[in-house]
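Examination of the molecular architecture
Here's the letter readout for the chains.
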There are 2 protein chains.
Amino acid sequence: MNYFSSDFKLGILGGGQLGKMLLSDTRKFDIQTFVLDPSDEAPARLACNNFFQGDLLDFDTVYRFGKLVDVLTIEIENVNLDALEKLENEGLKIYPSPKTLRLIQSKAVQKEFYIKNKIPTAKGKAFKNLKELLVEFMDGKLKMPFVWKSARFGYDGNGVKIIRTPKDLETLPDVECIMEELVPFKNELAVIVVRNVKGEVKTYPVVEMEFHPEANQVEYVICPARIDLPISLKAQEIALKVSKAYKHVGILAVEMFQTKDDKILVNEVAPRPHNSGHYSIEASYTSQFENHLRAILNLPLGKTESKVAGIMVNLVGEEGHTGNVKYKNIEKIMAIDGVTPHIYGKRETRPFRKMGHVTIVNENMTEARRVAEEVKKSIRVISTKQ
Amino acid sequence: MNYFSSDFKLGILGGGQLGKMLLSDTRKFDIQTFVLDPSDEAPARLACNNFFQGDLLDFDTVYRFGKLVDVLTIEIENVNLDALEKLENEGLKIYPSPKTLRLIQSKAVQKEFYIKNKIPTAKGKAFKNLKELLVEFMDGKLKMPFVWKSARFGYDGNGVKIIRTPKDLETLPDVECIMEELVPFKNELAVIVVRNVKGEVKTYPVVEMEFHPEANQVEYVICPARIDLPISLKAQEIALKVSKAYKHVGILAVEMFQTKDDKILVNEVAPRPHNSGHYSIEASYTSQFENHLRAILNLPLGKTESKVAGIMVNLVGEEGHTGNVKYKNIEKIMAIDGVTPHIYGKRETRPFRKMGHVTIVNENMTEARRVAEEVKKSIRVISTKQ
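Since the model is a prediction, treat every value here as computed from it, not as a measurement. Sequence order sets the numbering: in each chain, residues are counted from 1 along the sequence as written. Just so you know, chain letters begin at A and ligand numbers begin at 1, following the order they were written in. Residue-level local features of this predicted model are given only where pLDDT is at least 70; pairs of side-chain atoms are given and counted only at 80 or more, and the full residue set underlies all totals for whole chains, interfaces and linings. As a rule here, side-chain values cover all heavy atoms of the structure and leave hydrogens and water aside.

**Some remarks on the pattern of salt bridges**
Salt bridges are identified by distance alone: a Lys or Arg side-chain nitrogen within 4 Å of an Asp or Glu carboxyl oxygen. Under the definition given, this model contains 56 salt bridges over all chains. The residue Glu77 of chain A makes a salt bridge to Arg272 of chain A at a minimum N-O spacing of 2.8 Å. Of this pair, Glu77 of chain A sits in the loop between β4 (71-74) and α3 (81-89) while Arg272 of chain A sits in the loop between β15 (264-270) and α9 (280-283), and the two are 195 residues apart along the sequence. In this scheme, a residue with accessible area under 20% of its type's maximum is buried, one over 50% is exposed, and one in between is partly exposed, where area comes from a 1.4 Å probe on protein chains only. Relative accessible area serves as the criterion here: at 4%, Glu77 of chain A is assigned to the buried category. What makes Arg272 of chain A buried here is its relative accessible area of 14%. Linking Lys28 of chain B and Asp25 of chain B is a salt bridge whose minimum nitrogen-to-oxygen distance equals 3.0 Å. Linking Lys28 of chain B with Asp25 of chain B, this pair stays in helix α1 (residues 17-28), spanning three residues, or about one helical turn. Under the relative-accessibility criterion, Lys28 of chain B is labelled buried at 15%. Secondary structure is summarised from DSSP: a helix means a run of H or I of at least four residues, a strand means a run of E of at least two, and numbering begins at the N terminus for each.

Below, the structure written as structure tokens:
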């Protein structure tokens, strides 16, 4: 197949920052792209060959879009799967496959899948609605504390809650959900696996999410994770097993816990380029975006090792700021060696909105970590009018 | 100044592969761009915010385009300078400045500039036309062999010739030109200098052009050059002197000869991102394109050191092939670790047309050089119909 400067057309469902970063590589290879996104201000509206505005959950919109392209991929899981299944039945190549997406779209189904495939995961149970969960609780079968998770994406609000007291149950919405044992863990890790159509597979190094000691929010994604080699090998082995079980094609990000007693438990997966792999643009021989593209086009995979240590800091909108965005102190952080800001291209900031990220690379991890802290303390995502 | 996700507009004259690669960084920073190019198939027509088709040498076209933007830069030198001078007089920020471009656009003026500024260069002389040169020759003042160069860019055909016999003189066109002493050299080197508006300046490592032993064509651009440290320091020192003399803002590529007796002579310069710096996308902490952008926007410059050794191989159209392009064996080279093809996005190949380049990176230079040869031998730029 001739993909380069040819009539071949790649479709991407979703035009957010992940789509935008993927387009950087379709441009590099001169591969024609069609992008569908509901927003006319989608970050990926530029740099694609054709942009379509439309609802990713609407059957007809997704089906008609799929009919225009030769291979279809996603940058967001929350798309109309019935349309994808019909397109696949009619011969369209879709990666990840609609079948995989169905297994991932619901956290309840994901949980059952891990158990069935003997993939280590925290103990848990699925519930069709809130009432089922409350019945279970009243029967004394749910021990607090436990973790409650909404089964579906796109639930508006916080999809994960820790339930410590009966009072916490009152705050839960009436949706399909799962409960999970609250596992004491010492590290939150992630492994990105890439697998192409013919089954060639590679893993990226294990990354570590470092949390803010008080706010309990991920502050840094660190590659490589500062963990012992046996843990690292175990995490990669489990991630490979997950990718194989899903017969996944493309990038699969596997998020895991390293428990206090050094077990690895799979938390959840994302069947696409993922926040935990953004560091790869600057630090790796091949970025997760280029490798996603290589995988879904059945090209040979690129080297996943790192050239240098990499740390990623998310840029999220500051509380109390809504309106046209301003990246305060961005010039200050750009003056530091090895610092690269990525600005996603959203004109308007809102509290906690993902507006960009900053990658810090250095030959030395300790120095990278020091710089990351300096970056985190300096840059602020505010609005021009306060 | 707020450049990121703001109303700020950057104009780029020229929409070829250099413009296209620059846009990869304007997208990364979400900086609005306007591009002007004569071709509706220009590689940079995508990924800019607004594309205009028009003649870069036409006064009105360039002037009107300049009126739309806040800062103007170029990716090709051959543009209407009268329009730029008028725009600059009216307050537009233009980098590189029209004055610098005037000093560079003509090789005759360039030569005089080096001599005036005590920058080492091969001995030479400028001629208004062919007749002047022939008179000089008949007066016995031109010793053969010598190098003849057309003074202007955009001369259709070969702009450089070595004149060894009187018969060679008959092939010369009647244009403004220079003659230069033919200097025996052992290496052709280049240094990329970046300088921002406030005068912060950095050099990239010296690169080496390795020639095909028979064809006398550049085969590889190698970073770092395999030369002794004193030569490397001298080359960087001279490049800095050139950049300072021009008061250049942005990327300046300084091409040089290392003579048989280890002198460094400046050959010519390019006041923009340059072929000799393409390796920087994969090998350097900051690519030449990102640093050009940082420089012209007066942002702090990024680190110019390399993460790993880098070698660049140009992809040019094969002789005997004209028509829709096909990159034969591209999958084969993509299977090698550390190999990244860049496809510029020209649908039609022609003999010797620059269609793309391939970067090879490796921790080890010897291994990078071996892979580069493998790449060079494998990939072919041909047409789909032969």
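More follows now that the structure is in view.
**Details of the nonpolar core**
Throughout this description, the term nonpolar core refers to a set of buried Ala, Val, Leu, Ile, Met, Phe, Trp, Tyr and Cys residues connected via side-chain atoms within 4.5 Å. Counting residues in each nonpolar core, the largest one holds 96 residues, and the members touching the most others are Ile360 of chain A together with Ile360 of chain B. The contact definition used throughout considers only heavy atoms, calling two residues in contact when any of these lie within 4.5 Å. Excluding anything up to four places from it in sequence, Ile360 of chain A contacts Ala309, Gly310, Ile311, Val313, Gly338, Val339, Ala368, Val371, Ala372 and Val375 of chain A.

**Topic: the interface of chain A and chain B**
Across the contact, 52 residues belong to chain A and 52 residues belong to chain B. Summed over both partners, the accessible area (1.4 Å probe) lost when two parts come together is defined as the buried area. When chain A packs against chain B, the two sides together hide about 4,100 Å² of surface, and 52% of this comes from carbon and sulfur. It is Arg27, Tyr285 and Met334 of chain A in chain A that bury the most area against chain B; as a group they hold 15% of the surface buried on that side. Between the two partners, chain A and chain B, sit four salt bridges. In this structure, the salt-bridge partner of Asp7 of chain A is Arg347 of chain B, at a minimum N-O distance of 2.6 Å.

**Digging into the environment of Asn2 of chain B**
Mapped onto the elements of the fold, Asn2 of chain B is located in the segment before β1 (9-13). Here the alpha-carbon distance between Asn2 of chain B and Ile333 of chain B, two residues 331 residues apart in the chain, equals 42 Å. Not counting chain neighbours up to four residues away, the residues in contact with Asn2 of chain B comprise Val325, Lys326 and Thr384 of chain A together with Phe8 of chain B.

**What about the sheet that holds strand β7 (residues 146-150) of chain A?**
All names here are of chain A. Two strands pair if DSSP finds at least two bridges between them. One open sheet holds the four strands; their spatial order is β6-β9-β7-β8, and the pairing between them is antiparallel. Two strands in the sheet have a free side with no partner beyond their single neighbour: β6 (124-127) and β8 (160-163). Strand after strand, the sheet turns through a mean of 20° between neighbouring axes, direction not considered. As defined by bridge partners, β7 adjoins β8 across four bridges and the pair is classed as antiparallel. Throughout, an axis means a line fitted to C-alpha atoms (over the contacting stretch in the case of helices), and angles, computed between N-to-C directions, take values from 0 to 180 degrees.

**Overview of the packing of aromatic side chains**
Residues and elements named next belong to chain A. Two aromatic rings, drawn from Phe, Tyr or Trp (for Trp, its six-membered ring), form a pair once their centres lie within 6.5 Å of each other, and the interplanar angle then sorts them: stacked below 30 degrees, edge-to-face above 60, tilted otherwise. Scanning the entire structure with this criterion turns up 20 aromatic pairs over all chains. Both rings, one in Phe4 and one in Phe29, keep their centres 5.8 Å apart while their planes meet at 75°; by these two values the pair is edge-to-face. With Phe4 in the segment before β1 (9-13) and Phe29 in the loop between α1 (17-28) and β2 (32-37), this pair connects stretches of sequence that are 25 residues apart. This pair shows no difference in class: Phe4 is buried, exactly as Phe29 is.

**Quick look at the domain arrangement of chain A**
Residue and element names in this part refer to chain A. The assigned domain composition of chain A is domain 1 (9-94), domain 2 (123-181) and domain 3 (185-383). Residue ranges labeled as domains rest on an automatic or database domain assignment. In this structure, domain 1 and domain 3 have C-alpha centres spaced 23 Å apart. Listed by partner, the interface residues are 19 residues for domain 1 and 20 residues for domain 3. Buried surface at the junction of domain 1 and domain 3, summed over both partners, amounts to about 1,700 Å²; 68% is from carbon and sulfur atoms. Of all residues in domain 1, Gln17, Leu18 and Met21 bury the most surface against domain 3, accounting for 31% of the area lost on that side. In this structure, the connection of domain 1 to domain 3 is made through two salt bridges. Residue Lys28 pairs with Glu290 through a salt bridge whose shortest N-O separation is 2.6 Å. For the purposes of these results, a polar contact is taken to be a pair of N or O atoms within 3.5 Å, where, inside protein, one atom must be able to donate a hydrogen and its partner to accept one; residues adjacent in sequence count only when each atom of the pair is a side-chain atom. Our enumeration of links across domain 1 and domain 3 arrives at seven residue pairs in polar contact (both at pLDDT 80 or more). Among the secondary structure elements, those contributing two or more residues to the side of domain 1 that touches domain 3 are α1 and β4. Throughout this entry, Asp, Glu, Lys and Arg are counted as charged residues, while Ala, Val, Leu, Ile, Met, Phe, Trp, Tyr, Cys and Pro are counted as nonpolar. The remaining residues, Gly among them, count as polar. Here the side of domain 1 that touches domain 3 is built from residues that sort into ten nonpolar, three polar and six charged.

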